[in-house]
Each structure stands twice: as C-alpha cells, then as structure tokens.
Amino acid sequence: QVQLVESGGGLVQTGGSLRLSCVASGRTSNIATLGWFRQALGKDREFVTRISWSGDEPYYVDSVKGRFTISKNARNTVSLQMNNLQPEDTAIYYCAVVIFGTGQGYEYWGQGTQVTVSS
C-alpha cells in the first residue's frame, strides 16, 4: 500500500502563489504516476496535473498551464507550485497515485488540502 499526505494549502489573494506538497510512503517503488486533482464546493472532482514517478512527462490541463508547475524530488515528494492563483482555483486539492501493473487507475489518495483564493 501507499500512503499520501498533502500539505501547503491556505488562503491567498488573487494573483498570489501557494506551493502544495504530497509526501508518499509505503510501497513507493510501485508508483507509476502521481496526479493532483481538485474538487470545488458543489462540483465534481477534476484532474489538474500529473507526473511520472521518475519525474518525467508532466501534463497539465489547459486551465492551469503556464501557472502551475508539478515537480518530483528524490525524497518521495511531489510539489505543485501554483502561481497567479484565481478565485476559480479555490478547491480541495488531492494527490493520488497510479500503481504499476494493477490497472486500477488512481487507487491511493491523500486526505486533501484546502486552497482558497479570495477576490
């Protein structure tokens, strides 16, 4: 199993920045991909960005391209640098992982961290 813990959320004004972190523990050698998702109040959860566990091949949805940067460091941590935040970025942000060979998609999730952008 893999355990994920997010941190770094908070309240920021429009145009501000936050840096989220997701720390993985457990069977991290089995991780193929880590993704960030978000869920705003009353809305469905949406995919935001992902990166391979080796730190390659970042991918972003169009709404965050040029503002968000995902990166992987060597200590089982993936960071999400969020710049020029907008009120529509307000949501609970979750990290999740895909495990090699299971075919189960994103099967381990963190507890989430709240990001609030005031206008």
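Computed from a predicted model, the values in this text were never measured in an experiment.

J.: Explanation requested: the overall build of the chain in the structure shown.
T.: Summing up its helical and strand segments, the chain has zero helices and eleven strands in all. Reading the chain from its N terminus to its C terminus gives the helix and strand order β-β-β-β-β-β-β-β-β-β-β. Whereas a compact globule of 119 residues would reach a radius of gyration of roughly 14 Å, the chain reaches 14 Å, a difference of no more than 12%. C-alpha atoms of the chain, sized along the principal axes, occupy 45 × 30 × 25 Å. A total of 119 residues make up the chain; the buried ones form 40% of that total. Long-range contacts, defined here as pairs at least 24 residues apart, represent 55% of the contacts in the chain between residues at least 6 apart. Total accessible area on the chain is roughly 6300 Å²; 46% of this is exposed by carbon and sulfur atoms. Of the charged side chains in the chain, 10 are positive and 9 negative, and the gap between their average positions amounts to 5 Å.

J.: How do you make sense of the pairing of strand β5 (residues 46-52) when you look at a structure like this?
T.: Regular strands place side chains that alternate from one sheet face to the opposite one. As paired strands, strand β4 (residues 31-39) and β5 are joined by six bridges and run antiparallel to one another. Bridge pairing in β5 places R38 opposite E46. In sequence, β4 turns back onto β5 through a hairpin of six residues, with G42 there showing a positive phi of about 80°. By the bridge criterion, two bridges tie β5 to strand β6 (residues 59-60) in an arrangement that is antiparallel. The residue bridging R50 from the neighbouring strand is Y59, located in β6. Here β5 folds back onto β6 in antiparallel fashion, the turn holding six residues, of which G55 has a positive phi close to 95°.

Definitions and cut-offs
- Every chain is numbered independently, its residues counted from 1 as its sequence is written.
- Local features in a predicted model are, by the rule used here, given only for residues with pLDDT of at least 70; side-chain atom pairs are given and counted only at 80 or more, and totals for whole chains, interfaces and linings are based on all residues.
- Only hydrogens and water are set aside; all other atoms, that is, all heavy atoms of the structure, feed into the side-chain values.
- Helix and strand assignments follow DSSP, with helices taken as H or I runs no shorter than four residues and strands as E runs no shorter than two, numbered in order from the N terminus.
- Restricting the calculation to C-alpha atoms gives the radius of gyration, and the globule rule supplies 2.2 Å times the number of residues raised to the power 0.38.
- A 1.4 Å probe rolled over the protein chains alone gives each residue an accessible area, and that area as a share of the maximum for its type sets the label: buried under 20%, exposed over 50%, partly exposed in between.
- Residue contacts are counted whenever heavy atoms from the two residues lie within 4.5 Å of one another.
- For the area figures, the Shrake-Rupley method with a 1.4 Å probe applies, and any residue is considered shielded solely by the protein chains shown.
- Two residue types count as positive, namely Lys and Arg, and two as negative, namely Asp and Glu; His and chain ends fall outside the count.
- All charge positions are set by atom: Lys at NZ, Arg at CZ, Asp at CG, Glu at CD.
- Two strands form a pair only when DSSP identifies at least two bridges running between them.

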